[in-house]
Amino acid sequence: MKALELHIPTVEAHHLVHTFDDGHRGLDDVSLVFLPGSFTVMAGANGSGKTLFLKHLVGLELPDSGEVRLDGLPAHRHWTKSRAYFGLTFQDADAQILGTTVEEDVAFGPHQLGLSSCEVQERTQQALQICGLSGREKALTAVLSGGEKRRLNLAAVLALKPGILLLDEPFSGLDWPGVQAFLSVLLTLHKEGRSIILVTHDVEKCLAHAQRLVLWKDGKILSDSTPVLGWESLPQAGVFRPPIVAQQIPELTWLRSPS
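So, how was this worked out
Residues numbered from 1 in each chain as written. Predicted model: local features only at pLDDT ≥ 70, side-chain atom pairs only at ≥ 80, totals over all residues. Heavy atoms only, no water. Helix = DSSP H or I, 4+ residues; strand = E, 2+ residues; numbered from the N terminus. Rg over C-alpha atoms; globule rule 2.2 N^0.38 Å. Buried < 20%, exposed > 50% of the residue type's maximum accessible area, 1.4 Å probe, protein only. Contact = heavy atoms within 4.5 Å. Areas by Shrake-Rupley, 256 points an atom, 1.4 Å probe, with all protein chains shown as cover. Lys, Arg positive; Asp, Glu negative; His and termini not counted. Charge placed at Lys NZ, Arg CZ, Asp CG, Glu CD. Pairing = 2+ DSSP bridges. Axes fitted to C-alpha atoms, helices over the stretch in contact; angles between N-to-C directions. Core = buried A, V, L, I, M, F, W, Y, C linked by side-chain atoms within 4.5 Å.

## Thoughts on the overall build of the protein
Now for step 1: Counting its regular elements, the protein contains 7 helices and 10 strands.
Now for step 2: Taking 2.2 N^0.38 as the reference for a compact globule, 259 residues should give roughly 18 Å; the C-alpha atoms of the protein span a radius of gyration of 18 Å, in line with that estimate.
Now for step 3: Once the C-alpha set of the protein is aligned to its principal axes, its extents read approximately 50 × 50 × 35 Å.
Now for step 4: The buried share of the protein, reckoned over its 259 residues, is 53%.
Now for step 5: Sequence-distant contacts in the protein: of pairs separated by 6 or more residues, those separated by 24 or more amount to 64%.
Now for step 6: A total of about 12100 Å² of accessible surface is found on the protein, and carbon and sulfur atoms cover 52% of it.
Now for step 7: Here the protein carries 23 positive and 29 negative side-chain charges, and the mean point of each set is 3 Å from the other.

## Brief notes about the sheet that holds strand β9 (residues 212-217)
Now for step 1: Sheet architecture is open: 6 strands sit in the order β6-β7-β8-β3-β9-β10, paired in mixed fashion. On the outer flanks of this sheet lie β6 (86-89) and β10 (220-225), each paired with one strand and no other. Ignoring which end each strand starts from, the neighbouring axes of this sheet average 15 degrees apart.
Now for step 2: In terms of strand pairing, β9 meets β10 through 5 bridges, oriented antiparallel. When the bridges of β10 are listed, L215 appears paired with S223.
Now for step 3: This element, helix α1 (residues 50-57), spans β3 (39-44), β6, β7 (164-168), β8 (195-199) and β9 of the sheet and lies at about 135 degrees to β3.

## Here we look at the nonpolar core
Now for step 1: Counting 45 residues, the largest nonpolar core has L154 and L165 as the members making the most contacts within it.
Now for step 2: Going through the elements one at a time, β3, α3 (102-112), α4 (117-130), α5 (146-158), β7, α6 (176-191), β8 and β9 are the ones with two or more residues in this core.
Now for step 3: For this core, the element with the highest residue contribution is α6, accounting for 7 residues.
Now for step 4: With 27 residues, the next largest nonpolar core counts V30, F53, L57 and V68 among its residues.

## Regarding the sheet that holds strand β1 (residues 11-19)
Now for step 1: If you trace the 4 strands from one edge of the open sheet to the other, you get β2-β1-β4-β5, paired in antiparallel fashion. On the outer flanks of this sheet lie β2 (25-34) and β5 (73-74), each paired with one strand and no other.
Now for step 2: With 5 bridges connecting them, β1 and strand β4 (residues 65-70) associate as antiparallel partners. Note on β4: the bridge partner recorded for A13 is V68.

Nothing here speaks to function; it is geometry throughout.
So, in C-alpha cells, the structure goes:
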C-alpha cells in the first residue's frame, strides 16, 4: 500500500471542559491523545459527550477551559490551518450534502479552496474512485441510497485531503452491503496511513478493525484501552455488548458474509 503523502499530526485534547447554559457539563476534564495513523472507536450512550468532543477537535465548539493541540501547538491559534487536517462526517448524511449531483457535491469543497478547475476535477474524480462512486457523477444526490450518501459524504471530505477522519455514526441506517462497502473504503484509507476516529453505537460492525476503544459516560472517559480490555465495560457505557467473549472480537467483522 502506497504511503499517504500528507502530514498527519498528533492530536491532543488537554483537560477539555464544556459547560452548557443549564450548568450541565458536556465535557468534564477530558484528555485524549491520538497518534498518527491510529484507528480509534469511541462509544457511549446518547449525550455522553462523543459528538461534542469531535466538534471541539475541529473548532465547531470551543471549550470553557483546556485546549486542542496539533503536534504540540494550540489549534485555536491557527484554526484555518488546523481544520484542514480534519475531515468530519455528520450523523445525518443528508445534512452534509450540498450539491444537486454527486459530482457537484464532491467538487464543492475544493472549489471553496480556490483551486484551479483541473485540480478540482482531479480531486473530485480521485475521491469518487476511492469511495466506489465512479460513473455516478451525474446522479442526483436526492435519489442515492443511504449507503451511497454515506460514501458521498466521505468522498466530499476526502476531496479536501484531510489526514484525520472523524466519523460520527457512519453506519446508522445502513444494511449489511452498505456497511461492508463503507467499511471497506474506510480500511483502505486507514492502510494508507490516515488517522480514524469513529463514533458509533454499533461496535460490532467495526471494532474488529480498531486498535483502541474509548468509552464515554456523562461527559467523561469511562475507559480508554484496547478493544479486548474495554469489552467488559461496554454495558457500563450504555452500549450493547454482543454475546461473545472479548477474544472473539476479530470475528465480529462485517466484512464476512452473513451466516
